[in-house]
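Descriptive structure summary
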Amino acid sequence: MPESPSPDDVGLTTGTLARRLGVAPTTLRSWDRRYGLGPVSRDSGRHRRWRPDDVAVVEAMCRLTSAGVPPAEAARAARAGADAPTRTADVASSRSRAAGALPLGGDVRQECRGLARAAVRLDAPAVEGRLAAAVERHGLVVAWQEVMVPALHAVGRKWASSGDRYVAVEHLLSWHVSTTLRRAAGRPAPDRRPAATGPVVLACVPGEQHALPLEALDAGLRQLGLSTRMFGAAVPAEALVAAVHRLGPVAVVLWAQARSTASPALARQVADMRWGVTGARRGPTVVLGGPGWAGRPTPGLPRPAGLGEALALLSRA
């Protein structure tokens, strides 16, 4: 019995490829008409059939245009091969900086849009590359606040407006953001704390699953050479209290994304904890992170406005 032809043999239709890349079918047809980026072969009905080599070219075109390379220049680089797109994107970025682009201006906004588009295409190599480049170019704080967070919000809005269609996009982007943050943090530095000083404990309050902001803070603290203990999402109250007793931390950061998870009672309980010998007892500085604490009664507990402010506060602690 003859084998059925594989998708690579038959080729993808324009509609199928457009869905894979996250672009409109009219965009692919326009690139074919204007720049000759269409498929080499067509079926008997003259319909476009995109084979692997054709797909590789338009994937490169997507990456370059998302990076701000002019379409005509991007098309020439995409046709030239795999190495040319990266060089062309670097040249375009250099031109933009040479023209006096502000660090937080169009360059960063363009990087954010390009990152979101790469995530919608489920283009993992492009997502990973853009995240690494943003950290290298702007530093961790700017990359987090001006590139990663806006891209995550944009993808989240697409998910909210389209049902579960974009859940895979958000998960892919979140995973790569987490990976990039851990790479940026590097290996934990040797613990050079004075004997009386504990680490910084980072934990989401019970029921809170959004741990990425804590991962960004952990990476920033480790870049500063500070010792941390990251416990991540939804830490049970009993486990958190036990860990604080064991570690004697200099500070505890409690993250709450939603008001429904923020617990002033837990924050106060941790802030009131004490340890050490009589006459020299001490407790942690409790820092509240996340929008969930807004409007909650937590007097005396600092609530930094962003990553940079949190890093400055904790480095002083």
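Definitions and cut-offs
- Within any chain, residue numbers begin from 1 and follow the written order of that chain's sequence.
- At least 70 in pLDDT is required for a residue's local features to be given in this predicted model, at least 80 for side-chain atom pairs to be given and counted, and no such filter applies to totals for whole chains, interfaces and linings, which use all residues.
- Working from all heavy atoms in the structure, the side-chain values ignore hydrogens and water.
- Strands are runs of DSSP state E lasting at least 2 residues, helices are runs of H or I lasting at least 4, and numbering of each runs from the N terminus.
- Think of it in three bands: with a 1.4 Å probe and only protein chains considered, a residue is buried below 20% of the maximum accessible area for its type, exposed above 50%, and partly exposed in between.
- Any two residues having at least one pair of non-hydrogen atoms within 4.5 Å are treated as being in contact.
- We define a salt bridge as a contact between a side-chain nitrogen of Lys or Arg and a carboxyl oxygen of Asp or Glu at a distance within 4 Å.
- We call a set of buried residues a nonpolar core when its members are Ala, Val, Leu, Ile, Met, Phe, Trp, Tyr or Cys and they connect through side-chain atoms within 4.5 Å of each other.
- Whether two strands pair comes down to DSSP finding at least two bridges between them.
- By convention a crossover is right-handed if, when the strands point away from the viewer, the path from the first strand over the helix to the second runs clockwise.

Bringing the side chain of Glu111 into the picture now. In this structure, Glu111 sits in helix H7 (residues 106-120). On the basis of relative accessible area, Glu111 is assigned to the buried category, the value being 14%. Filtering out sequence-adjacent residues up to four positions away, Glu111 remains in contact with Ala134, Arg137, His138 and Val147.

Take the pattern of salt bridges next. Per the counting criterion, the structure on display carries six salt bridges. Measuring nitrogen to oxygen at the nearest pair gives 2.8 Å for the salt bridge that ties Arg183 to Glu128. Here Arg183 is found in helix H10 (residues 167-185), whereas its partner Glu128 is found in helix H8 (residues 124-138), with 55 residues between them in sequence. With a shortest N-O distance of 4.0 Å, Arg268 and Asp272 are connected by a salt bridge. Overall, Asp272 belongs to the partly exposed group, its relative accessible area being 48%.

Of all hydrophobic cores here, the largest spans 47 residues; its most connected members are Trp144, Leu173, Leu181 and Leu217. Breaking this core down by element, the ones donating at least two residues are H7, H8, helix H9 (140-161), H10, strand E1 (200-204), helix H11 (212-223), strand E3 (251-255) and helix H14 (307-316). Broken down by element, the residue count for this core peaks at nine residues, all from H9. Other than its neighbours up to four places away in sequence, Trp144 contacts Val149, Pro150, Val177, Leu181, Leu212, Pro213, Ala216 and Leu307. Leu254, Ala256, Val270 and Trp293 belong to the second-largest nonpolar core, a separate cluster that totals 21 residues.

Taken across its five residues, E1 has five buried, putting it largely inside the fold. Burial along E1 is two-sided: Val200, Leu202 and Cys204 and Val201 and Ala203, pointing in opposite directions, are all buried. Pairing between E1 and strand E2 (residues 228-232): four bridges, direction parallel. Bridge pairing in E2 places Val201 opposite Arg229. The parallel pair E1 and E2, bridged by H11, forms a crossover whose chirality is right-handed. Here five bridges tie E1 to E3, and the two strands are oriented parallel to one another. Residue pairing for E3: Ala203 is matched across the bridge by Leu254.

Take unusual backbone geometry next. In the Ramachandran plot, Leu122 falls in the positive-phi region, its phi being about 60° despite a non-glycine side chain. Its relative accessible area of 45% is what places Leu122 among the partly exposed residues. Here Ala234, not a glycine, exhibits a phi torsion of approximately 45°, which is positive. Mapped onto the elements, Ala234 comes out in the loop between E2 and helix H12 (237-247).

From the geometry alone we can't say anything about function, so treat these as descriptive.
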